[in-house]
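Tertiary structure, described
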Amino acid sequence: MKIKLLRIGIAISICILVGFLGSIATQSSIKTWYITLEKPTFTPPNWLFAPVWTILYIVMGISAGIVWSKGFYHKWVKTALYHFGFQLLLNAAWSILFFGIRNPLYALVDIIALLVLLVFTIKWFKVVNATAAYLLIPYLIWVAFATALNFSIWQLN
C-alpha cells in the first residue's frame, strides 16, 4: 500500500508540474492576446480554467499511479503508461502552441491528436485497471469540450 501511495504521489506531482509549465505559456498571453480574440458564446469564464485543470491533473495522477502500482515490468502497464506520458506531452504542447506561439490552428491539430491518444490511453488503462480508466473520463470530456472551444476560436479568428 505504501508503494501504491508513493507512486500515486509521484504521478500527481508529474501531472501538476506539466500543468504548471503549461500555465507559464498561458500567463504570457491571457491578459494580452487572448482577450482580443473572438470567442464563442459557450466560452467559460477565465477563472474556471485553473481550478478545473488542477482537479483534472490530480485525478490524472491518481489514475496513472494506480496503473503504475500494478508493476511497470508488465507489458500492459508499460503500454498504458507510455500512452499516458505521450498524451501528457501533447497536453503541455497545447498551451505552448495556443498561448505561447499564439497559433490556434497548430493548437487545434495538437488537441485533436491529444483527444485521440486519450481515448487509446483510457483503453489501455482499462486493460490494467478499470477504476484508473474511469477516472480519466472527466478529463476526456473536458478535452473534448476544449477541442470544440479551440476549433471555434480558430474559426472565429
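Since this is a predicted model, take the numbers as computed values, not measurements.

1. Remarks on the overall build of the chain
Along the chain, the regular secondary structure elements total six helices and zero strands. Walking the chain from its N terminus toward its C terminus, one meets helices and strands in the order α-α-α-α-α-α. Taking 2.2 N^0.38 as the reference for a compact globule, 157 residues should give roughly 15 Å; the C-alpha atoms of the chain span a radius of gyration of 16 Å, in line with that estimate. Projected onto its principal axes, the C-alpha coordinates of the chain cover approximately 50 × 25 × 25 Å. Expressed as a percentage of contacts within the chain between residues at least 6 apart in sequence, the contacts between residues at least 24 apart total 79%.

2. Some remarks on the layout of surface pockets
The space that makes up the largest pocket amounts to roughly 740 Å³. Breaking the lining of the largest pocket down by element, the ones donating at least two residues are α1 (2–27), α2 (46–68), α3 (75–100), α4 (104–128) and α6 (137–156). In terms of residue count, α1 provides more of the lining of the largest pocket than any other element does, eight residues in total. By residue class, the composition of the lining of the largest pocket is 21 nonpolar, 10 polar and one charged. When its volume is computed, the second largest pocket comes out at roughly 180 Å³. Residue lining of the second largest pocket: A11, I14, C15, A64, G65, W68, L81, F84, G85 and L88, and that is the complete set.

3. Observations regarding the nonpolar core
Counting residues in each nonpolar core, the largest one holds 45 residues, and the members touching the most others are Y34, M60, V67, F84, F98, F125 and Y139. Of all elements in the fold, only α1, α2, α3, α4, α5 (130–135) and α6 reach the threshold of two or more residues within this core. Sorting elements by how many residues they give to this core places α3 first, with 11 residues. When residues no more than four places from it in sequence are discounted, the contact partners of Y34 are S29, K39, T43, N46, F98, F99 and I153.

4. As for the packing of aromatic side chains
Tallying each qualifying case throughout the model produces 16 aromatic pairs. Relative to Y82, the ring of F72 lies with its centre 6.1 Å away and its plane at 90 degrees, an arrangement referred to as edge-to-face. With F72 in the loop between α2 and α3 and Y82 in helix α3, this pair connects stretches of sequence that are 10 residues apart. A relative accessible area of 55% places Y82 in the exposed class. Joined through ring pairs, the aromatic side chains of W33, Y34, W94, F98 and F99 make up one cluster. One cation-aromatic arrangement involves K39 over Y34; the distance from NZ or CZ to the ring centre is 4.5 Å. Over the face of the ring belonging to W124 we find K123, whose NZ or CZ atom lies 3.8 Å from the ring centre.

Reading the values: rules and limits
Residues numbered from 1 in each chain as written. Predicted model: local features only at pLDDT ≥ 70, side-chain atom pairs only at ≥ 80, totals over all residues. Heavy atoms only, no water. Helix = DSSP H or I, 4+ residues; strand = E, 2+ residues; numbered from the N terminus. Rg over C-alpha atoms; globule rule 2.2 N^0.38 Å. Contact = heavy atoms within 4.5 Å. 1 Å grid on protein atoms, 1.4 Å probe; cavity = no way out; pocket = protein on both sides within 12 Å on 5 of 7 lines; lining within 4 Å. Points joined across faces, edges and corners; volume = space filled by probe spheres on them. Nonpolar A, V, L, I, M, F, W, Y, C, P; charged D, E, K, R; others polar. Core = buried A, V, L, I, M, F, W, Y, C linked by side-chain atoms within 4.5 Å. Buried < 20%, exposed > 50% of the residue type's maximum accessible area, 1.4 Å probe, protein only. Phe/Tyr/Trp six-rings, centres within 6.5 Å; stacked < 30°, edge-to-face > 60°. Lys NZ or Arg CZ within 6 Å of the ring centre and 35° of its normal.

Purely spatial values, then, with no claim about function.
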